[in-house]
Amino acid sequence: MSTIKVDEIYGDEPTDAVDLPNKLKIGGVSVEQGYTASGSEPSSPNNGDFWWDTGNDKLYRYMDSGFKELGVAASNNPWSGGRAIFGGGDTGDYLNTIQYSAIQTTGNTVDFGDLTVARDWVTCGSNNSRGLFLGGLPTATFDTIDYITIGTTGNATDFGNLVFGLYNHASCSDGTKAFTWGGTRYGVSPTYHNTIMQTVIATTGNATDFGDMTVNGRYNSCCSDATRSVCAVGETNNSGYENTMEYITTASAGNATDFGDISTQRGQMGSTNDATRGLFAGGWGGNSNTGGDGGSTAGSRYNRIEYITIQTAGNVTDFGDMNNLNLRMACCADTTRALLAGGYDGSSRINVIDYVTVQTPGNATDYGDLLAQTYEAGA
C-alpha cells in the first residue's frame, strides 16, 4: 500500500483558489456537508446528516441512530418564527378558518385548519411553537381558549377558559404567557371591564387574574416584549375613545401604570411588535359606540401607523401609513417584519395584507391577500 502525503494544494499561484469539480473524498467519505430543510424528519438518514426543522426553527444532526438537537443562536425574542397565523373573523358569518403564510415571503394565505368553534373578536398570543386563540363571539360563554402547534397544520384543540367570557378585548404575549386586556364582559354590569388576565402558553388550563387596567375599556390594542406589555386604551365606559397607553411588567402580577399617549383618541387599532418596538395601526376615533363599522357617521377612520419603544415610557412616534383607512385588522410579526391583515375600510371588509419592516419607518407595502374579506380575526 502506498502513502501519499500532501502538504499544500493550490493553483497557478499559492494564493489561487482550488476548484475540484468532481468533489473530494477523504477515507471514502465526502467532505462536502449539506443538510435537509423540511417540516418533518428526513427518511433514511446517515450518521452526520444535518436536518433544519423548518416548522420549529431547530437544527438537528443524526448521531447514534437518531437526530439530536443542536444549539443554535436564539432568536432575539421568545415568540417569533417564520409563520404568520390568522384565525377566525367575520366575513358576514362567523369564521372557524385558520390560515397561514410565511412572513418573509409575499403572497396569499393558505388553509391551516379550523378553530374548535367559529367566532370573531378572537385575540391571540404565542410562544415560538404554540399559538392561542382567546375569547370572542359567538361562543356560548365567550370564554373559549383554543391552541395550535404553529409548525404543524391541523385543527385547533381546546386549551381551557378565560376567567370570564368577553370580546372587544386585546391580547399579546411575552413568549411565556399571553396577556388579555379589558374588553366587553358578556351579560355583566359594567359591560366594559378593566381586568388583565394571564394564560401560561405551554401548559393547557384556564387563564388567571393578573391585575387591573386604570380604566374600564374595550376596543383596546396591545403589544409586548419579553418583560413588558403595553396597552393602548380604546373606548371607556360608553364615553368615547381615549389616547392613553398603560403597561405592566409581565413577571409581576399587579395593576397597570401610565405609559404615554397615542396621537389621537381612537381604538380598534391593529397592534403587534418585534423584540423592542410596538406598532399601533389604523383604528377608529370619535364618540360613537357603534365602532365605525358602517352603523354611524360619527368619528374617523385612520391609516396611520405609530410606534413605541416598549422599554421606554412615552408618547408614540409617527411610523408611516397603511394602504387603506382601516380598523379591526389582525396583526403579527417576526423579528423584522410585521403583517397587517384584513379589516374594514369604511365600505366593506377587506382581504388585503400590508407589511412593514418594524425597525424602518415608512409606508406599508402590499403583501398579498387573506382567503376572504375578513375583519375581527386574530393573529
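Look a little higher up for the structure.
If you're wondering where the values come from, they're calculated on a predicted model, not measured in any experiment.

Points about the pattern of salt bridges
Opposite charge on two side chains permits them to pair, given that their charged atoms come into close proximity.
For step 1, the next point in the chain: Counted under the stated rule, the structure contains six salt bridges.
For step 2, the next point in the chain: Residue Arg119 pairs with Asp146 through a salt bridge whose shortest N-O separation is 3.2 Å. Note that Arg119 is positioned in the loop between strand E9 (110-114) and strand E10 (123-126) and Asp146 in strand E12 (residues 144-149), a separation of 27 residues in sequence. Each of the two residues, Arg119 as well as Asp146, counts as buried.
For step 3, the next point in the chain: Where Glu235 meets Arg218, a salt bridge forms, and the shortest distance between an N and an O atom there is 2.8 Å.

Digging into the packing of aromatic side chains
For step 1, the next point in the chain: Within this structure, the stated rule accounts for 13 aromatic pairs.
For step 2, the next point in the chain: Their ring planes at 15° and their centres at 6.2 Å tell us that Tyr219 and Tyr241 sit as a pair that is stacked. Of this pair, Tyr219 sits in the loop between strand E19 (217-218) and strand E20 (221-224) while Tyr241 sits in the loop between strand E22 (235-236) and strand E23 (244-249); the two residues are 22 residues apart in sequence, bridging distant segments of the chain. Both residues of the pair, Tyr219 and Tyr241, count as buried.
For step 3, the next point in the chain: Aromatic pair Tyr307 and Phe319: ring centres 6.0 Å apart, planes at 85°, arrangement edge-to-face. Taken together, the residues span a long stretch of sequence, with Tyr307 in strand E29 (residues 304-309) and Phe319 in strand E30 (residues 317-321) at a distance of twelve residues. Grouping residues by exposure puts Tyr307 and Phe319 together as buried.
For step 4, the next point in the chain: Here a set of aromatic residues connected by ring pairs shows up, and it is made of Trp51, Tyr60, Tyr62 and Phe67.
For step 5, the next point in the chain: One cation-aromatic arrangement involves Arg130 over Tyr147; the distance from NZ or CZ to the ring centre is 4.1 Å.

Here we look at the sheet that holds E23
For step 1, the next point in the chain: Strand order in the open sheet formed by four strands is E20-E21-E23-E24, and the pairing between neighbours is antiparallel. If you trace the sheet from one side to the other, it starts and ends with E20 and strand E24 (257-261), each paired once. Geometrically, the sheet is characterised by an average inter-axis angle of 25° between neighbouring strands, direction not taken into account.
For step 2, the next point in the chain: Bridge count between E23 and E24: four bridges; the pairing is antiparallel. Residue pairing for E24: Glu246 is matched across the bridge by Asp258.

Here's the deal with the sheet that holds strand E5 (residues 58-63)
For step 1, the next point in the chain: Strand order in this open sheet of four strands is E3-E4-E5-E6, and the pairing throughout is mixed. Bordering the open sheet on either side are strand E3 (35-38) and strand E6 (66-70), each of which pairs with just one other strand. Neighbour to neighbour, the strand axes of the sheet diverge by 30° on average, direction disregarded.
For step 2, the next point in the chain: Two elements, strand E4 (residues 50-53) and E5, share four bridges in a ladder whose sense is antiparallel. Bridge assignment links Asp53 to a residue of E5, and that residue is Lys58.

Considering the pairing of E5
Walk down a regular strand and you will see the side chains alternate between the two sheet faces.
For step 1, the next point in the chain: Pairing analysis gives five bridges linking E5 to E6, with the strands arranged antiparallel. The residue of E6 that forms the bridge with Arg61 is Lys68.
For step 2, the next point in the chain: Joining the antiparallel neighbours E5 and E6 is a turn of two residues, in which Asp64 adopts a positive phi near 50°.

Things to note about the side chain of Arg119
For step 1, the next point in the chain: Its relative accessible area of 0% is what places Arg119 among the buried residues.
For step 2, the next point in the chain: Within the local environment of Arg119, its side chain forms a polar contact with the side chain of Asp146, the two groups lying 3.2 Å apart.

A closer look at unusual backbone geometry
For step 1, the next point in the chain: For the peptide bond that leads from Leu137 to Pro138, omega is 0°, which places it in the cis range.
For step 2, the next point in the chain: Secondary-structure assignment places Pro138 in the loop between strand E11 (130-134) and E12.
For step 3, the next point in the chain: With phi around 50°, Ser44 is a residue other than glycine that occupies positive phi space.
For step 4, the next point in the chain: Among the structural elements, Ser44 can be located in the loop between E3 and E4.

Analysis parameters
The written sequence of each chain sets the order in which its residues are numbered from 1. For a predicted model such as this one, the threshold for reporting local features is a pLDDT of at least 70, and the threshold for listing and counting side-chain atom pairs is 80 or more; totals across whole chains, interfaces and linings nevertheless cover every residue. Excluded from the side-chain calculation are hydrogens and water; included are all heavy atoms of the structure. Any Lys or Arg side-chain nitrogen located within 4 Å of an Asp or Glu carboxyl oxygen qualifies as a salt bridge. Only runs of H or I of at least four residues qualify as helices and only runs of E of at least two qualify as strands under DSSP, and these elements are numbered from the N terminus. Only protein chains enter the calculation, and the probe is 1.4 Å; a residue is then buried if its accessible area is under 20% of its type maximum, exposed if over 50%, and partly exposed in between. Any pair of Phe, Tyr and Trp rings, taking the six-membered ring for Trp, is counted once the centres come within 6.5 Å. Such a pair is stacked with planes under 30 degrees apart, edge-to-face with planes over 60 apart, and tilted for the rest. The rule is short: NZ of Lys or CZ of Arg within 6 Å of the ring centre and within 35 degrees of the ring normal puts a charge over the ring. Only when DSSP finds a minimum of two bridges between them are two strands counted as paired. Orientation is described by lines fitted to C-alpha atoms, with helices fitted over the stretch in contact, and by angles between N-to-C directions that extend from 0 to 180 degrees. What qualifies as a polar contact is a pair of N or O atoms within 3.5 Å, subject to a donor-acceptor requirement within protein and to the restriction that residues adjacent in sequence count only when both atoms come from side chains.

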